[in-house]
Amino acid sequence: MSASTPATTAKKTPRVQVSRRRRRVQNTLIAYSFIAPNFLGFLIFTLGPILFAFALAFMHWDGNTPIEFAGLDHFWKLFEDRIFQTAFWNTLVFTGASVPLTLVCSLGLALLLNQKIFGRNFFRTVAFFPYVASLVAVAVVWNMLFNPEYGPVNMVLYNLGIDPKDLPRWAADRHWAMATIVMFSVWKSMGYFMVIYLAGLQGISSELYEAADIDGATAWQKFWRITLPQLAPTTFFVSVILTINSFKVFDQVYMLTQGGPGTSTLVLVYHIYNEAFISWDLGYSSMVALVLFMLVLMITIVQFRWSQRGEEDLS
Amino acid sequence: MPLRRRRKPVKWGLILTYLTVALVTVTMLAPFAWMLSASLKLDRDVFAFPIQWVPEQPRWENFVEIWTKIPLGLFVYNTAKLTVIVTVLQLLTSSFAAYAFAKLRFPYRNALFLAYIATIAMPWQVYMVPQFLLMRELGLTNSHLSLIFLQAFTAFGVFLMRQFYMSIPDELCEAARIDGMSEYGIWWRIMLPLSMPALSTLTIFTFVNTWNDFLGPLIYLTRTELKTIQIGIRMFITQYGQEYGLIMAASVVSLIPVLIVFLLLQRFFVEGIASTGLKG
């Protein structure tokens, strides 16, 4: 933060003092020239639209007719819109299931692949690959693997002796569709969070473990008393990112179930997408987006507070 | 580490570890192996059970047919073009801006940076509609420019590069300034060469995200000759829903570039994540 600039270092010599003001203006211009190429694009295509989105939530607009002020119309509509409520609930269910699962899986994976085992780098690469693979491509495979009639997954279950009538119909079944999407999401993203956990694990001082060994601690004790508390900042970071990501879930739903069957996997972003690009109710769509934003903001604040308290407890 | 290992009675734990690793590997790789295997089969053999992992008579024709059934070559070209332009722009403008945010002082620096940070947490879906309307006003829908503008100036890139530059000692820039090097020179000759891990991380992220982007092209591109490979594969699925062998072949093709970039840069990627402050 305390970067010293040419202006402050040259301050002492009197000759420079005269042109200090000009020098400062020049330095400012140089600094702005550095951020300008990125900032102009960012301002026009990100910041501007964000501010416009907030305004649109209080407007009536279908994208063509003149914009009309709507006041809180869209806000009140949220309370009557059953589909919105379903989408809201489904998003919470998805989050409640996928965040803890991904957290545990990626931590487990990181602990596993942090050990000195043969082919460690290969296994890390393998675990990470689903994250970089195209969602469209892997969703197609997933759909085929979990095909209720002749997909290999159900074939294996059938051969294990499960009655064909009891075989889950996965994405095609109201009760299983959300579980299918959660499984898919965990599978796809756990490798990425494993990498973050691995970085966290490497940051733990080995002296802590050596001291614990001298005290005769078991592996289990070392995990609960050293590893887990030391990883608290990482876990905080991962859980914030995961929660935010899961509020934004869309692609998986679009590819696997299109929100169905019925409305069983309809999530908030799917509702936003439908209202905007199918119904062209841009004002209302922005209001739902605003709710999504408030959710993300709230979670970030809550988790931030919680993590701060956690750190105080530790010290 | 060696101290600890010698004391532990390892055998059972090690066997359990390898078993778990094997299980995880199978879970992670099986879908890809199945995809590859299915891409070389006749449609009627794709779902044959028990799974025949290595087809007896691999149908290489699948990989020939996909290029003629849909304009796959064009889709690949479009995606490659977009990805390269976006990645280059992203690397240049992000590292350029990040240098100012990390090493220079100027009015409103912190306020501007805060604007960047605040938008990172903002779901894209919150502003995708106004963004679309803006692009429409500018006459950019149904053009590749819209997607370039959409993805080339992300807050994430600036944030990532700045985090990395913060870890480079200020004295280095200071010394260069005393030697009479301009700020642009410092960025180009000192910062860029030093930031290879961070640049590699950003390259993978941008490359993978742009190559795999699905919702962006879905919203912006309706003309076939502009479409990207992800949209192309989806088109393929809806048009030739039962031709599993072909769909899998096209999917395999779409994965290859990402696999190559990932394997080339993945060492940097892990280092990059570790060194850009994500440790908390």
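Student: Can you tell me about the overall build of chain B, naming the residues and giving the values?
Tutor: Broken down by element type, chain B carries 15 helices and zero strands. Rg of the C-alpha trace for chain B: 24 Å, well past the compact-globule value of 19 Å for 280 residues, more than 25% over. Once the C-alpha set of chain B is aligned to its principal axes, its extents read approximately 70 × 70 × 35 Å. Residues counted as buried form 52% of the 280 residues belonging to chain B. Taking contacts inside chain B between residues at least 6 apart in sequence as the whole, the part at least 24 apart equals 73%. Summed over all atoms, the accessible surface of chain B reaches about 12,800 Å², with 68% contributed by carbon and sulfur. In chain B, 23 positive and 15 negative side-chain charges are present, and the distance between their average locations comes to 10 Å.

Student: Go over the overall build of chain A, please, and point to the residues and values.
Tutor: In terms of helices and strands, chain A carries 15 helices and two strands. With respect to the three principal axes, the spread of C-alpha positions in chain A is 90 × 75 × 35 Å. A separation threshold of at least 6 residues defines the contact pool for chain A, and within that pool the share at least 24 residues apart is 66%. In the form shown here, chain A has an accessible surface area of approximately 15,400 Å², with 64% of it arising from carbon and sulfur atoms.

Student: How would you sum up the confidence of the model for chain A? Please name residues and give values.
Tutor: In regions of low pLDDT, the predicted coordinates are not meant to be interpreted in detail. Residue and element names in this part refer to chain A. Per-residue confidence for chain A averages 86 on the pLDDT scale, and 91% of its residues sit at or above 70. Mean pLDDT across the secondary structure elements of chain A bottoms out at helix α1 (residues 6-9), with 49, and peaks at helix α5 (residues 82-113), with 94. Note that pLDDT drops below 50 for residues 1-11; the model gives that stretch 22 contacts with residues more than four away or on any other chain.

Student: Tell me about helix α14 (residues 229-239) of chain B, and name the residues and values.
Tutor: Among the 11 residues in α14(B), eight count as buried, and that is most of the element. Every buried residue of α14(B) is accounted for by Ile229(B), Gln230(B), Ile231(B), Gly232(B), Ile233(B), Arg234(B), Met235(B) and Phe236(B).

Student: So what about the interface of chain B and chain A? Which residues, and what values?
Tutor: Between chain B and chain A, the contact holds 100 residues from the first and 96 residues from the second. Between chain B and chain A lies a buried interface of about 9,000 Å² when both sides are counted; carbon and sulfur atoms form 76% of it. Inspection of the chain B/chain A interface yields zero salt bridges. Linking chain B with chain A are 10 residue pairs in polar contact (both at pLDDT 80 or more). In terms of residue count, the dominant contributor to the side of chain B that touches chain A is helix α15 (residues 244-275) of chain B (15 residues). In the side of chain B that touches chain A, the residues fall into 70 nonpolar, 16 polar and 14 charged.

Student: How would you sum up the side chain of Arg177(B)? Please name residues and give values.
Tutor: All names here are of chain B. Within the element layout of this structure, Arg177 appears in helix α10 (residues 170-178). On the basis of relative accessible area, Arg177 is assigned to the buried category, the value being 13%. Here Tyr99 takes part through its side chain, which lies 3.5 Å from a polar atom of the side chain of Arg177.

Student: How would you summarise the pattern of salt bridges if you had to cite specific residues and measurements?
Tutor: Residue and element names in this part refer to chain B. This structure, assessed with the given rule, holds 10 salt bridges over all chains. Two residues, Arg59 and Glu65, come together in a salt bridge whose shortest N-O distance is 3.2 Å. Two residues, Glu243 and Lys69, come together in a salt bridge whose shortest N-O distance is 3.2 Å. Taken together, the residues Glu243 in the loop between α14 and α15 and Lys69 in helix α4 (residues 61-69) connect sequence positions 174 residues apart. When salt bridges with common partners are traced through the structure, they connect Glu174, Arg177 and Glu183 into a single cluster.

Student: Lay out the packing of aromatic side chains with the relevant residues and their values.
Tutor: The tally for this structure, following the rule as stated, stands at 54 aromatic pairs over all chains. For the pair Phe45(A) and Phe149(B), a centre-to-centre distance of 4.7 Å together with 10 degrees between the ring planes defines the contact as stacked. With Phe45(A) in helix α3 (residues 20-56) and Phe149(B) in helix α8 (residues 144-152), this residue pair bridges two chains. We classify Phe45(A) as buried; its relative accessible area is 7%. Plain terms: the ring middles of Phe54(A) and Phe293(A) are 5.3 Å apart, the flat faces sit at 50 degrees to each other, and that makes the pair tilted. Of this pair, Phe54(A) sits in helix α3 while Phe293(A) is found in helix α15 (residues 282-314), placing the two residues 239 residues apart along the sequence. The class for Phe54(A) is partly exposed, based on a relative accessible area of 24%. Using a relative accessible area of 15% as the deciding quantity, one classes Phe293(A) as buried. Note that Lys77(A) overlies the ring of Tyr284(A), its terminal NZ or CZ placed 4.0 Å from the centroid. Over the face of the ring belonging to Phe113(B) we find Arg162(B), whose NZ or CZ atom lies 4.1 Å from the ring centre.

Student: For the packing of α3(A) against helix α7 (residues 124-137) of chain B, give the residues involved together with the corresponding values.
Tutor: Two numbers describe how α3(A) lies on α7(B): the axes approach to 8 Å, and their chain directions differ by 110 degrees. With respect to each other, α3(A) and α7(B) are oriented roughly perpendicular. With respect to the hand of their crossing, α3(A) and α7(B) are arranged in right-handed fashion. From α3(A), Ile44(A), Phe45(A), Thr46(A), Pro49(A), Ile50(A), Phe52(A), Ala53(A) and Leu56(A) reach across to α7(B), where they touch Val126(B), Tyr127(B), Pro130(B), Gln131(B), Leu133(B), Leu134(B) and Met135(B). Class assignment of the residues belonging to the contact of α3(A) with α7(B) gives a composition of 13 nonpolar, two polar and no charged.

Student: An account of the environment of Glu56(B) is requested, with residue identities and associated values reported.
Tutor: Residue and element names in this part refer to chain B. Along the polypeptide, Glu56 turns up in the loop between α3 (43-46) and α4. Judged by its relative accessible area of 71%, Glu56 is exposed. In sequence terms Glu56 and Lys41 are 15 residues apart; their C-alpha atoms lie 9.0 Å from each other.

Here is what the cut-offs are and how they apply
Residues numbered from 1 in each chain as written. Chains lettered and ligands numbered in written order. Predicted model: local features only at pLDDT ≥ 70, side-chain atom pairs only at ≥ 80, totals over all residues. Heavy atoms only, no water. Helix = DSSP H or I, 4+ residues; strand = E, 2+ residues; numbered from the N terminus. Rg over C-alpha atoms; globule rule 2.2 N^0.38 Å. Buried < 20%, exposed > 50% of the residue type's maximum accessible area, 1.4 Å probe, protein only. Contact = heavy atoms within 4.5 Å. Areas by Shrake-Rupley, 256 points an atom, 1.4 Å probe, with all protein chains shown as cover. Lys, Arg positive; Asp, Glu negative; His and termini not counted. Charge placed at Lys NZ, Arg CZ, Asp CG, Glu CD. pLDDT = per-residue confidence, 0-100. Buried area = accessible area lost by both parts, 1.4 Å probe. Salt bridge = Lys/Arg side-chain N within 4 Å of Asp/Glu carboxyl O. Polar contact = N/O pair within 3.5 Å; in protein donor to acceptor, adjacent residues only side chain to side chain. Nonpolar A, V, L, I, M, F, W, Y, C, P; charged D, E, K, R; others polar. Phe/Tyr/Trp six-rings, centres within 6.5 Å; stacked < 30°, edge-to-face > 60°. Lys NZ or Arg CZ within 6 Å of the ring centre and 35° of its normal. Axes fitted to C-alpha atoms, helices over the stretch in contact; angles between N-to-C directions. Parallel < 35°, antiparallel > 145°, perpendicular 65-115°, else oblique. Left-handed = near helix turned anticlockwise from the far one by under 90°.

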